[in-house]
Amino acid sequence: MKLNILRLISMLFLLTGPAAQASSEIETLIDMLHQNGTISDAQYARLQAELGERKIKNNQQVISLDKQRLQAKKSSDVEVSVKGAVSVKTPDGAFTTKIGARVMADATAYKNDNNTMGDGTKIRRARMSLQGKMYHDWAYKFEYDFATGEIKGIADAFVEYQGLDAMSVRVGNMKDPFSLQFQMNANYNLFMERSLTNGLNTGRHIGAMVFTNRKNWTASAGLFGGAVQTVGKEKDEGWGLGSRVTYAPINSQGSLLHLAVSANYRDAGEVAILRFKQQPESNVSGINIVDTGNIAKVDFHSKYGLEVAMVSGPLSVQSEYVTASVSRYSAPSLAFNSWYIQTGYLLTGESRQYRQGKFGKIAPRSSVGNGGIGAWELGLRYSTINLNDQNIMGGAAKSLTLGVNWFATSTIRFSANYINVLQVNGGPLESVHPDIIQLRSQWAF
Amino acid sequence: MKLNILRLISMLFLLTGPAAQASSEIETLIDMLHQNGTISDAQYARLQAELGERKIKNNQQVISLDKQRLQAKKSSDVEVSVKGAVSVKTPDGAFTTKIGARVMADATAYKNDNNTMGDGTKIRRARMSLQGKMYHDWAYKFEYDFATGEIKGIADAFVEYQGLDAMSVRVGNMKDPFSLQFQMNANYNLFMERSLTNGLNTGRHIGAMVFTNRKNWTASAGLFGGAVQTVGKEKDEGWGLGSRVTYAPINSQGSLLHLAVSANYRDAGEVAILRFKQQPESNVSGINIVDTGNIAKVDFHSKYGLEVAMVSGPLSVQSEYVTASVSRYSAPSLAFNSWYIQTGYLLTGESRQYRQGKFGKIAPRSSVGNGGIGAWELGLRYSTINLNDQNIMGGAAKSLTLGVNWFATSTIRFSANYINVLQVNGGPLESVHPDIIQLRSQWAF
Amino acid sequence: MKLNILRLISMLFLLTGPAAQASSEIETLIDMLHQNGTISDAQYARLQAELGERKIKNNQQVISLDKQRLQAKKSSDVEVSVKGAVSVKTPDGAFTTKIGARVMADATAYKNDNNTMGDGTKIRRARMSLQGKMYHDWAYKFEYDFATGEIKGIADAFVEYQGLDAMSVRVGNMKDPFSLQFQMNANYNLFMERSLTNGLNTGRHIGAMVFTNRKNWTASAGLFGGAVQTVGKEKDEGWGLGSRVTYAPINSQGSLLHLAVSANYRDAGEVAILRFKQQPESNVSGINIVDTGNIAKVDFHSKYGLEVAMVSGPLSVQSEYVTASVSRYSAPSLAFNSWYIQTGYLLTGESRQYRQGKFGKIAPRSSVGNGGIGAWELGLRYSTINLNDQNIMGGAAKSLTLGVNWFATSTIRFSANYINVLQVNGGPLESVHPDIIQLRSQWAF
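Residues numbered from 1 in each chain as written. Chains lettered and ligands numbered in written order. Predicted model: local features only at pLDDT ≥ 70, side-chain atom pairs only at ≥ 80, totals over all residues. Heavy atoms only, no water.

A.B. asks: Tell me about the overall build of chain A, and please be specific about residues and values.
C.D. replies: A count of helices and strands for chain A gives four helices and 22 strands. For chain A, the C-alpha atoms occupy an extent of roughly 120 × 50 × 40 Å along the three principal directions. Counting only residues that meet the buried cut, chain A has 58% of its 445 residues in that class. By sequence separation, contacts in chain A at least 24 residues apart represent 59% of the contacts at least 6 residues apart. By element, 55% of the accessible surface of chain A is carried by carbon and sulfur atoms, the whole surface being about 16,900 Å². (Helix = DSSP H or I, 4+ residues; strand = E, 2+ residues; numbered from the N terminus. Buried < 20%, exposed > 50% of the residue type's maximum accessible area, 1.4 Å probe, protein only. Contact = heavy atoms within 4.5 Å. Areas by Shrake-Rupley, 256 points an atom, 1.4 Å probe, with all protein chains shown as cover.)

Structure below.
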């Protein structure tokens, strides 16, 4: 449709272009003819009158066109784009809305001694999201995971005030500021599942957070209540505090050094129960490889995290260490910990992108469908978690993962992971160390 | 993008404007020169031929351009706008679609004698909606509440025929026509939660309704089956009839008197069970302050409601009285009742808007983000409900609520409510009268 | 808005059109005057210089406009349309997204001897969908049914590679390739519910499928894992293979002969449980009229289907036969079967449309809202299922259905069905043969 208008305009131009401002030649010519005596004074006066009338008419039409132009600008004259996601934006950028979605479908085969995990398939995530900006300074987001279901499926659901220079303020349901692999969108994690360290993760809570994103550093701190699915009834849900600070002394295209620390405190409320558990970097069978079960009489717990990551061209390295200590009423405190190190290499030469204290989207140099082969990436990870302490024997596990990612386009990804659980001491799956092969297809925008 | 086109057009205009219809001067001049004998008959004839050819060519191009213009009009040439919500509309208005959403995040602290309600947070509502018009005369709406979950989360889900002058017909899942506070969109209620009177509300049912909305009155009547989550299995679900008539003898901008009556009859079906319950104008802990429990052997029940509301500039007053009588098999009938009165004052001078028999959106005079401070409103409410009758002791409660609303923009609201439950006689929380403070952030479009 | 631009353009044209290329007349005239000696050599030179300058300026402006036109083309210049569904498309068709939805609201009355089914209402389906194309060769779809709820509500959720000539490849959650009535969108089935034969249907599974759609034939074959809601925990979920081939020797507008075979094999995995059940072509009460209960110790089962369908103008006929055989560990095999035949007649003269091996949308010749009466269709069906074999007495049922459909527009349908369950031998509802009347309102796009 727009192209038709452009064609109209160019046709108009071809029609009218060469004639442009011919009037001045005519005026010149008329003056000359008058001077030469070729045309009489009466004829000259008549021509001048006609020219004068035309100028007035033209001016009126200019004014009228200008008015119409202004009205056109005022009307709902938005920019629409589609790249899977549909984005709509007012010309002044005061209002934007993006409709997004993603689906991950997994298939997994487990090989283990005493058949404790079943082969199967799963829709790992199936999400829709709405996000954007309103009245210049307000941002909002809502994302729901249909694969998680019911209230628990509510992921990000917040409003943000961005009108201050120093920082932004976010209120609603959001991720606590903790851990690089957790902050990253699962679409772009190096492996299909986050490392065993995710067993000491914070999850999302309803609360308020202030944050700043600068070129070389970010800082965020928040005060949180319970998770969306928590209904306390007679009991206080508990509350938490969290903060994460990142620093990137090197941060240019294809070259990065990222350092970060985070801390999280959580009061267990009157519910006073806490549980740490983790699946074996595979999410299909629903079996946890380590699991403390419900720890009762918990007063509070705190977690600390250290992060380091680097990029050098196609190579990326990322490592985190997390420790959790649990304070109990009338029982000794507990200490758990976990760490991982992983490295990825983009065979097709792209670099992992870094923004706002975390890695983002992989954009292949050439997409399948545009004559390219997409981006190919290899990854290797070692991770370990220890949930054994005092009378709590949640288990200690070590795991090695090998992965290959094919980003066929910036919106379509296929991944294969081989996970070798090296060792499990204690916990529900003592001495079980399955080999796991899993496949994923993913579209996301 | 459109601005580019406008710039092109204005450039074209500057190029071509002053030359406009120069041809007539040329024709005049040529005639003059011919009359003066300055140009010969042969020269004159040649010029006339050239001018004639051009006119034919121009006419052909006008016709060709007109054809292109017509084709352009025929193509899918829709109007898109975004103000949070994305709206799309065909130029003739025959088809419209609006994609909307809203999220309310609450935090609540309860103070009470014997600790019967726990502090906490909650995503109170998280909805997406699609609504619009098709083929001129058909309207549709679907709205889902992710915070309620599963089938129960289906809110409005109907189709409407608007092609009749006298009334419209709606079929699907919808609110029964009952009670002003219930008809109003929760986004714009004066307080975070509807009054205790909501404990005698009807809820939504699947059915058919006819209705008329006029300037000074509205009327609606419907025949309904069960609620979306009801699965009767072997038993009839029951059915209901409802009607509401509103009259606004005064109804101009900033000045309103609203009167209404509604009646609702519901056959209890073969399930024959009925339950009235209500939370303490706070929805986070999940605790009911009054609750009849399941009343068995119910034949039918009927409800009547009276409404009065007024607006005078920034001041609004609203009151409702509802009575419910329950007819039981082989047991005496029951009678319950409830009423509230509330008043609001918009400190920033806006008036509550009234349309189609209920209050609507608050549009601040000046929005935060456009250099303004939004709209600020204070509210005060007294409400009471009595669910004690015969052998049923559901409890009788009285409550006082103080609220402040900040509509930062027409789409973003923050509220704080202080609720003082004055008295509870009988019911699950006999003698408990908590003080409650609750906060809400809301975005809605 | 666009219309404003067109008005601007046409105004511009009226302004500038008649003057088009007036310059050549001026040049001619100037030359003549010079030849006549009316203007001097000096005057002539000055006029030529002015004309030359203008030509250079015009050329520069043409170049500048061309650049702007090119930039405009490059920008996110998409086509948006709305017909209930909102569709967005890049001009090259490389990216498309369609936002769709549908709601079906049912009301049902059962009449039966010993009151085994209750009257009631139901939101039968309430779906939203996102589908489209990315990077030319990739298609995606996600559809969720809010009336089914939670993970089970995930319907289609797949990505497709369409870059090969021979076939397309689909990965994710999708319908197994089996049975005409199952492949068809429920929006356009002749009756409100699929026939009793749906009791031997395959459902959707997570897996991968290759398929080809040609003018006169289609073929598809897939390898599948479990259903979305299956969580195997310790047990393998099982897997399946399926294929369907269709052939349409006659296939022109209003004239069709369709023949098809399909086969499906499913390994019961370590769960080893299988259940066939079916409601009485009515879905409101939630009561199954035949039901094998859980069949234990199942090794695998296989199904075969035969299809024949025809269209002759407004008349359509459709029939399917399905047989299922179940292989059990240490128990005799089981054999079940089912078939139906149905015929429809479009009173308003439309024909059922056929595409890609199944019937599609009904587009009324004239819509209600555009001055028409929509499309009216009558249907008659006989169907039977036998789930009795060996020690399994799931029941054998026969059913006769009479239906009328009113497609008021291509997006709005109202249906009424009368179902007479003729006979039930064995199973949970032995000797119960209810009469059922049910109504549906539907909007879908």
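Read on for the rest.
A.B. asks: I'd like a rundown of the packing of aromatic side chains, residues and numbers included.
C.D. replies: The tally for this structure, following the rule as stated, stands at 54 aromatic pairs over all chains. Between the aromatic rings of C:Phe95 and C:Tyr135, the centroid separation amounts to 4.8 Å while the plane-to-plane angle is 65 degrees, which identifies the pairing as edge-to-face. In this pair, C:Phe95 sits in the loop between strand E2 (85-89) and strand E3 (96-111) while C:Tyr135 sits in the loop between strand E4 (120-134) and strand E5 (138-145), placing the two residues 40 residues apart along the sequence. Here the two residues C:Phe95 and C:Tyr135 agree in accessibility, since each one is buried. Measuring from ring centre to ring centre gives 4.7 Å for C:Trp138 and C:Tyr161, while their planes differ by 55 degrees; the resulting arrangement is tilted. Note that C:Trp138 is positioned in strand E5 and C:Tyr161 in strand E6 (residues 154-161), a separation of 23 residues in sequence. Feature note: the residues A:Phe142, A:Tyr144, A:Phe146, B:Phe142, B:Tyr144, B:Phe146, C:Phe142, C:Tyr144 and C:Phe146 constitute an aromatic cluster, connected by ring pairs. Sitting above the plane of the B:Phe158 ring, B:Arg170 keeps its charged end 4.1 Å from the centroid. (Phe/Tyr/Trp six-rings, centres within 6.5 Å; stacked < 30°, edge-to-face > 60°. Lys NZ or Arg CZ within 6 Å of the ring centre and 35° of its normal.)

A.B. asks: I'd like a rundown of the pattern of salt bridges, residues and numbers included.
C.D. replies: Opposite charge on two side chains allows them to pair when their charged atoms are near. This structure, assessed with the given rule, holds 42 salt bridges over all chains. In this structure, A:Lys141 and A:Asp156 form a salt bridge, with 3.1 Å as the shortest nitrogen-oxygen distance. One end of the pair, A:Lys141, is in strand E5 (residues 138-145); the other, A:Asp156, is in strand E6 (residues 154-161), and 15 residues separate them in sequence. Judged by relative accessible area, which is 11%, A:Asp156 ranks as buried. When the shortest N-O distance is used, the salt bridge between B:Asp106 and B:Arg440 registers 2.8 Å. With B:Asp106 in strand E3 (residues 96-111) and B:Arg440 in strand E22 (residues 435-444), this pair connects stretches of sequence that are 334 residues apart. (Salt bridge = Lys/Arg side-chain N within 4 Å of Asp/Glu carboxyl O.)

A.B. asks: Go over the pairing of strand E1 (residues 79-83) of chain A, please, and point to the residues and values.
C.D. replies: All names here are of chain A. Residues Val-80 and Val-82 point to one face of E1 and are all buried, whereas Glu-79, Ser-81 and Lys-83, pointing to the other face, are not buried. Bridge count for E1 against strand E2 (residues 85-89) is five bridges, and the pairing is antiparallel. If you follow Lys-83 over to E2, its bridge partner there is Ala-85. Counting the residues in the hairpin turn of E1 and E2 gives one residue, including Gly-84, whose phi is positive at 85 degrees. (Pairing = 2+ DSSP bridges.)

A.B. asks: With reference to specific residues and values, describe the side chain of A:Lys141.
C.D. replies: Judged by its relative accessible area of 16%, A:Lys141 is buried. Once residues within four sequence positions are removed from consideration, A:Lys141 is found in contact with A:Leu130, A:Gln131, A:Asp156, A:Ala157, A:Phe158 and B:Trp443.

A.B. asks: Hey, could you go over the environment of A:Gly207 for me, with residue numbers and the actual values?
C.D. replies: Residue and element names in this part refer to chain A. Tracing the chain through its elements places Gly-207 in strand E8 (residues 204-213). Note: C-alpha distance between Gly-207 and Gln-48 (159 residues apart in sequence) is 76 Å. Discounting chain neighbours no more than four positions away, the residues touching Gly-207 are Arg-170, Val-171, Gly-172, Met-174, Leu-223, Phe-224 and Gly-225.

A.B. asks: Explain empty space enclosed by the protein to me, using residue names and the numbers behind them.
C.D. replies: Residues and elements named next belong to chain C. All chains considered together, the criterion is met by 12 cavities of 30 Å³ or more. Considering only enclosed or pocket space, the largest cavity measures out at about 70 Å³ in volume. Along the walls of the largest cavity sit Met-184, Asn-189, Leu-190, Ser-316, Val-317, Gln-318, Gln-342, Arg-352 and Phe-359, which together make up its complete lining. Sort the elements by how many residues they give to the lining of the largest cavity and strand E15 (residues 315-328) lands first, with three residues. Broken down by class, the residue content of the lining of the largest cavity amounts to four nonpolar, four polar and one charged. (1 Å grid on protein atoms, 1.4 Å probe; cavity = no way out; pocket = protein on both sides within 12 Å on 5 of 7 lines; lining within 4 Å. Points joined across faces, edges and corners; volume = space filled by probe spheres on them. Nonpolar A, V, L, I, M, F, W, Y, C, P; charged D, E, K, R; others polar.)

A.B. asks: Lay out unusual backbone geometry with the relevant residues and their values.
C.D. replies: For B:Lys233, which is not glycine, the phi dihedral falls at a positive 50 degrees. Structurally, the position occupied by B:Lys233 is in the loop between strand E9 (217-224) and strand E10 (239-252).

A.B. asks: Provide a residue-level description of the domain arrangement of chain A, including the pertinent values.
C.D. replies: By the assigned domains, chain A splits into domain 1 (2-76) and domain 2 (79-444). Measuring from the centre of the C-alpha atoms in domain 1 of chain A to the corresponding centre in domain 2 of chain A gives 65 Å. (Domains from an automatic or database assignment.)

A.B. asks: I'd love a proper account of a nonpolar patch on the surface, names of residues and values included.
C.D. replies: Residues and elements named next belong to chain C. Side chains of Leu-380, Leu-400, Leu-402, Tyr-418, Leu-422, Ile-437 and Leu-439 sit close together on the surface and give an oily, nonpolar patch of about 600 Å² of accessible area. Those elements giving two or more residues to the nonpolar patch turn out to be strand E20 (392-407), strand E21 (412-425) and strand E22 (435-444). As for its position among the elements, Leu-439 is in strand E22. Since its relative accessible area comes to 47%, Leu-439 is described here as partly exposed. (Patch = residues over 30% accessible without salt bridge, like charges linked within 9 Å, V, L, I, M, F, W, Y side chains within 5 Å.)

A.B. asks: For the pairing of strand E19 (residues 375-389) of chain A, give the residues involved together with the corresponding values.
C.D. replies: All names here are of chain A. In the sheet, strand E16 (residues 331-346) pairs with E19 via 10 bridges, with the strands oriented antiparallel. By the bridge assignment for E19, Ile-341 is matched with Tyr-382. Here E19 runs beside strand E20 (residues 392-407); their pairing, made up of 14 bridges, is antiparallel. Residue pairing across strands places Ile-385 opposite Ala-397, the latter belonging to E20. Here E19 folds back onto E20, and the loop between the two strands holds two residues, one of which, Gln-390, carries a positive phi near 50 degrees.

A.B. asks: Give a description of the environment of C:Arg125 that names residues and reports values.
C.D. replies: All names here are of chain C. Among the structural elements, Arg-125 can be located in strand E4. Under the relative-accessibility criterion, Arg-125 is labelled buried at 7%. As a C-alpha pair, Arg-125 and Met-104 span 21 residues in sequence and 5.2 Å in three-dimensional space. Sequence-distant contacts of Arg-125, defined by excluding residues within four places in its chain, comprise Arg-102, Val-103, Met-104, Asp-145, Ala-147, Ala-186, Arg-194 and Arg-440.

A.B. asks: Run through the confidence of the model for chain A, naming residues and quoting values.
C.D. replies: Low pLDDT marks stretches whose predicted atomic positions should not be read closely. Residues and elements named next belong to chain A. In the predicted model, chain A carries a mean pLDDT of 90, and the fraction of residues at 70 or more is 90%. Scored below 50 in pLDDT, residues 13-22 makes 38 contacts in the model with residues more than four places away or belonging to other chains. Here residues 71-76 is modelled with pLDDT under 50, and outside its nearest four sequence neighbours on either side it reaches eight contacts, counting other chains as well. Taken together, the chains of this predicted complex give a pTM of 0.87 and an interface ipTM of 0.84. (pLDDT = per-residue confidence, 0-100.)

A.B. asks: Tell me about the environment of A:Gly344, residues and numbers included.
C.D. replies: Residues and elements named next belong to chain A. Its place among the elements puts Gly-344 in strand E16. According to the relative accessible area criterion, Gly-344 is buried, its value standing at 1%. Taking the C-alpha atoms as reference points, Gly-344 and Ala-186, separated by 158 residues in sequence, lie 16 Å from one another. Apart from the residues lying within four places of it in its own chain, the contact partners of Gly-344 are Leu-190, Pro-314, Leu-315, Ser-316, Leu-378 and Gly-379.

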